[in-house]
Amino acid sequence: MEIFSIFLSWLLTTALVLFMFCMFLHPLRSNRSSITAPKLPPNPPNLPIIGNLHKLIGKPRHQALWQLSKEYGPVMLFYIGSKPYLIISSPAMAKQVLKTQDHVFCSRPLSKAVKRLTYNYMDIAFSPHSDHQREMRKILVSEFLGPKRARWFNHVLVTEIETMVRALGSHPPNVAVNLNKLFLALVKGVVCKVAFGNNYRQQPNKGPSWEVVVDEGLEMLGGSLGDSFPWVGPFIDQVSGSTSMLETCFTNLDTYIESIIDDHKNQIAEVIDDEKDFVYTLLELSSEDNTSGHRLTKEDIKALILDVLTGGVDTTVVTLEWAMSEIARNVRVKQKLQTEIRNNTGRKPKIDVLDITKLTYLKMAVKETLRLHAPAPLMIPHECMSHCQIGGYDVLPGTTALINAWGIGRDPSIWGENAAEFYPERFEKFEVDFEMVPFGGGRRSCPAMNTAPATVEFVLANLLYWFDWEVPDGVKNEDLNMQEEGTLVLRKKVPLCLVPTNYNWDD
Ligand code: HEM
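As recorded in an unreviewed UniProt entry, the protein chain goes by Cytochrome P450 and comes from Helianthus annuus. One UniProt comment on the protein chain, placed under Subcellular location (unreviewed entry), says "Membrane". Here the protein chain is described in UniProt, under the heading Cofactor (unreviewed entry), as follows: "heme".

(A) Just the confidence of the model for the protein chain, in detail. Confidence along the protein chain averages 89 in pLDDT terms, with 91% of residues attaining 70 or more. Across residues 1-34 the pLDDT falls below 50, and counting only partners more than four positions away or on other chains, this stretch makes 2 contacts in the model.

(B) Main features of the site of the ligand. Surveying the vicinity of the ligand reveals 25 residues, the closest of which are Arg 108, Arg 137, His 382, Arg 444 and Cys 446. Contact between the ligand and Arg 137: an oxygen atom at 2.8 Å from a side-chain N or O atom of the residue. Measuring from an oxygen atom of the ligand, one finds a side-chain N or O atom of Arg 444 at 2.9 Å. Every element with two or more residues in the shell around the ligand is listed here: helix H6 (131-145), helix H13 (298-312) and helix H14 (314-329). Along the lines of polarity and charge, the residues of the shell around the ligand split into 13 nonpolar, 9 polar and 3 charged.

(C) Examining the packing of helix H15 (residues 331-345) against helix H16 (residues 360-372) more closely. The contact between H15 and H16 brings their axes to 8 Å, and the two run at 140°. In terms of axis orientation, H15 runs oblique to H16. Contacts between H15 and H16 involve Arg 332, Val 333, Lys 336, Leu 337 and Glu 340 from the first element and Thr 360, Tyr 361, Leu 362 and Ala 365 from the second. Looking at the contact of H15 with H16 residue by residue, the class counts come to 5 nonpolar, 1 polar and 3 charged.

(D) Representation of the pattern of salt bridges. One pass over the full model with this rule turns up 25 salt bridges. Salt-bridge contacts for Asp 433 lead to Lys 95; the nearest nitrogen and oxygen are separated by 3.0 Å. Residue Asp 433 is located in the loop between helix H18 (412-415) and helix H19 (451-466), and its partner Lys 95 is located in helix H3 (residues 91-100); the two are separated by 338 residues in the primary sequence. Note that Glu 258 and Lys 302 form a salt bridge whose closest N and O atoms lie 2.7 Å from each other. Linking Glu 258 in helix H11 (residues 242-267) with Lys 302 in helix H13, this pair joins segments that are 44 residues apart in sequence. In this structure, a network of salt bridges that share partners links the residues Asp 254, Glu 258, Lys 298 and Lys 302.

The rules behind the values
Residues numbered from 1 in each chain as written. Predicted model: local features only at pLDDT ≥ 70, side-chain atom pairs only at ≥ 80, totals over all residues. Heavy atoms only, no water. UniProt positions renumbered as here; feature names shortened; annotations may be inferred. pLDDT = per-residue confidence, 0-100. Contact = heavy atoms within 4.5 Å. Near = heavy atom within 4 Å. Polar contact = N/O pair within 3.5 Å; in protein donor to acceptor, adjacent residues only side chain to side chain. Helix = DSSP H or I, 4+ residues; strand = E, 2+ residues; numbered from the N terminus. Nonpolar A, V, L, I, M, F, W, Y, C, P; charged D, E, K, R; others polar. Axes fitted to C-alpha atoms, helices over the stretch in contact; angles between N-to-C directions. Parallel < 35°, antiparallel > 145°, perpendicular 65-115°, else oblique. Salt bridge = Lys/Arg side-chain N within 4 Å of Asp/Glu carboxyl O.

Here is the structure:
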């Protein structure tokens with residue numbers, strides 16, 4: 001009996017200890033499983049070392065990823081090397097990243113090229129989330145994009161367009177104009193005059209042209225392969241020549257930006273308040289007399305100039321070129337636009353910025369262009385800062401989110417069977433939420449999302465008011481080449497060339 005009760009109490013004690021041990025282990029186990037086995041989004045099969053990189057071969061990135069999303073869904077995990085990317089391909093999921101979880105995704109990934117070209121993450125567009133980034137963004141919005149400079153901006157835009165219309169008016173008959181070159185000269189002229197007081201059209205004494213320098217910078221800001229292979233990255237960049245290209249690109253950009261700042265420093269004493277461009281304002285914000293706001297360093301100023309050069313010109317140029325390409329291909333739309341613009345404006349020596357407010361069809365045509373040809377097809381990458389869920393899947397910190405604005409804008413399940421058609425009338429009924437995201441969303445959305453479309457509308461209104469446009473002889477409208485190229489900015493592979501004819505009001 002003694003032995004039995006001793007055995008029983010031993011059994012009970014053991015059972016109790018085991019029970020308590022299990023109870024203790026349970027939360028640990030469930031905790032561990034949530035850390036070690038998160039529910040990750042579907043992922044195409046990976047290859048060792050390169051991950052899914054091979055899936056991007058042979059097609060522009062946004063097109064390859066859009067095709068894969070058909071198989072793997074609107075939230076897909078994708079690896080380049082060991083670096084995880086979250087590929088977003090539907091309005092609902094874009095809304096989760098850019099709105100619901102904006103506080104988690106409002107950063108940008110680190111990259112060697114961004115660090116170098118942005119003076120150690122001093123800029124707005126490519127630098128990670130920080131107080132400094134927000135301060136820089138506030139300065140750009142209030143001192144460059146805001147109402148303070150809007151009147152000057154409109155004045156410069158009108159003057160530059162007059163020059164362009166005059167030049168086109170005396171263009172030899174039946175000879176095509178390269179609209180890419182035309183738009184680049186126009187937009188660069190306007191942005192440089194407003195930001196830097198001078199159109200800076202002249203080429204630097206030595207080295208590549210301004211356009212080449214900025215284009216190279218934009219390509220590099222998109223990141224290099226080395227960023228995705230942490231152990232061998234520096235070696236890959238060295239062998240592929242990317243490190244030396246980055247240094248050359250930095251030197252060219254920096255020399256150009258430095259010359260703008262030097263010109264301003266030399267003249268600042270003689271300039272009156274009304275003539276102070278953006279760079280003068282930045283220099284004032286960097287002076288010791290600025291005791292109220294954020295005191296800018298020279299690197300801050302350079303990084304802000306870089307943002308204006310890389311963000312403000314190419315995006316507007318490609319939007320104009322895609323818009324005119326679609327308009328030239330679609331004779332019905334072209335005629336409807338010209339009737340609207342000419343009827344509403346009437347015969348007068350120049351179009352006023354206010355005339356544009358009445359042009360509803362033109363506004364829809366610009367929206368339609370941005371839907372079909374999102375100038376930044378995968379936007380600028382967003383970086384996940386902490387563990388969160390998107391579409392019911394776990395997303396881990398350090399994952400880079402790419403939102404396929406190009407694909408979402410063309411999805412027939414959203415836009416109907418005629419999704420691929422240029423049909424501005426669709427916006428008569430369609431209320432847009434996240435069904436198109438050409439300017440991104442949330443804290444890192446484009447700060448020019450309200451002003452940039454107005455510039456595009458004004459330029460198009462002038463081109464279609466003063467001239468009739470035809471594709472060159474031998475090309476059918478519908479056969480106009482619409483091939484795309486570029487990673488960060490979506491360009492037309494073959495520049496658009498059209499033949500202008502002066503519009504004759506007396507006919
Ligand atoms: C049609 C013209 C334009 C388009 C389609 C466009 C598009 C975009 C897109 C997609 C983004 C990234 C948004 C995101 O990551 O969520 C962006 C960011 C940005 N854009 Fe634009 N943009 C245009 C014109 C401009 C202009 C004229 C400027 C003037 C300087 C500008 C300055 C910027 C800046 C500074 C950012 C970074 C914002 C941040 O990270 O906080 N953009 N833009």
